[in-house]
Amino acid sequence: MLTQPDRTPLPRDFFDRPVLEVAPDLLGRTLVRNTRQGPVELRLTEVEAYNGRSDPGSHAYRGRTARNASMFGPPGHAYVYFIYGMWFSLNLVCGPEGTASGVLLRAGEVLTGTEEVRKRRPAARKDTELAQGPARLATALDIDRTLDGSDVCAGPEAPFAVLGGLPAPADRVRNGPRTGVGGDGAVHPWRFWIEGDPTVSRYRAHVPRRRGKSGTADAT
């Protein structure tokens, strides 16, 4: 039985699969973020799947734009977006090139680089909150739009890598509605997490944003 995390980088073939296979399989894997201050390693504990143009909750639902171009592949790349004018979020692109599917990384346990992460996340009351939620995770890992399109399979000098880690036992993997997704996309139970892990974020249902003076909803 494997008792130590696997340090082998996941190959591109791992990501070149349907998003609903890749998403739960990422739980327990080790995400490496190489920064100027040194590497930060994170055990992934919560993710969400977004299934391209067949998924009303996906940024790619209405087609390709400058913002979402990285979602269209190739697999094994990062898709980073800016949301609400305040936060970044990190996704891993998967599936055949052109399908625009990806996995949002929602939460994880910081394994190495904790002291540097605490500097980036001074509001965290405890270490389990350092990367608890997609915005916190991106802040902890010093992620912004300059990393959009990065190849996570490019080798040890690249900004990102995903190692084999310790895959979550199947009997601890749970799934349910995605956080904050409304409309037709709300029906998909495509949020996956490790049951009982203290780093998993709290589920929040979608709340429609206020309409501005023009009568249109605020952009997301």
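The written sequence of each chain sets the order in which its residues are numbered from 1. The model is predicted, so local features are restricted to residues of pLDDT at least 70 and side-chain atom pairs to those at 80 or more, both for listing and for counting; the totals for chains, interfaces and linings are taken over all residues. For side-chain calculations, the full set of non-hydrogen atoms in the structure is used, while hydrogens and water are omitted.

## Focus: the side chain of Thr45
Here is step 1 of the chain: Mapped onto the elements, Thr45 comes out in strand β3 (residues 38-51).
Here is step 2 of the chain: Excluding anything up to four places from it in sequence, Thr45 contacts Leu27, Ala107, Gly108, Glu109, Phe192, Trp193, Ile194, Asp197, Thr199 and Val200. Helix and strand definitions follow DSSP, with helices as H or I runs of at least four residues and strands as E runs of at least two, each counted in order from the N terminus. Residues count as neighbours in contact if any of their non-hydrogen atoms are within 4.5 Å of one another.

## Things to note about the nonpolar core
Here is step 1 of the chain: Counting residues in hydrophobic clusters, the biggest one holds 39 residues, and the most contacted among them are Phe15, Leu26, Leu31, Val103 and Leu105.
Here is step 2 of the chain: Per-element tally for this core: the top contributor is β3, with five residues.
Here is step 3 of the chain: Among the buried residues, those of types Ala, Val, Leu, Ile, Met, Phe, Trp, Tyr and Cys that are joined through side-chain atoms within 4.5 Å form a nonpolar core. When a residue's accessible area, from a 1.4 Å probe over protein chains only, is under 20% of the maximum for its type it is buried; when over 50% it is exposed; and in between it is partly exposed. Core analysis: the second largest hydrophobic core is formed by 11 residues, Tyr50, Ile83, Leu104 and Val181 among them.

## Focus: the environment of Leu31
Here is step 1 of the chain: Structurally, Leu31 can be placed in strand β2 (residues 30-35).
Here is step 2 of the chain: Accessibility expressed as a relative area gives 0% for Leu31, which makes it buried.
Here is step 3 of the chain: Spatially, the C-alpha atoms of Leu31 and Glu41 are 5.6 Å apart, while their sequence positions differ by 10 residues.
Here is step 4 of the chain: Apart from residues no more than four positions distant in its own chain, Leu31 is found in contact with Val40, Glu41, Leu42, Leu44, Leu90, Leu105, Leu141, Phe160, Ala161 and Val162.

## A closer look at the packing of aromatic side chains
Here is step 1 of the chain: Within 6.5 Å between ring centres, the rings of Phe, Tyr and Trp (the latter by its six-membered ring) count as paired, and their orientation is classed by plane angle as stacked under 30 degrees, edge-to-face over 60, tilted in between. Here the structure, examined in full by the defined rule, presents three aromatic pairs.
Here is step 2 of the chain: Each ring, one from Tyr79 and one from Tyr81, has its centre 5.5 Å from the other, and the planes form 40°; the classification is tilted.
Here is step 3 of the chain: Overall, the relative accessible area of 1% leaves Tyr79 in the buried class.
Here is step 4 of the chain: Accessibility expressed as a relative area gives 9% for Tyr81, which makes it buried.
Here is step 5 of the chain: An angle of 35° between the planes, with centres 4.6 Å apart, marks the rings of Phe82 and Phe88 as tilted.

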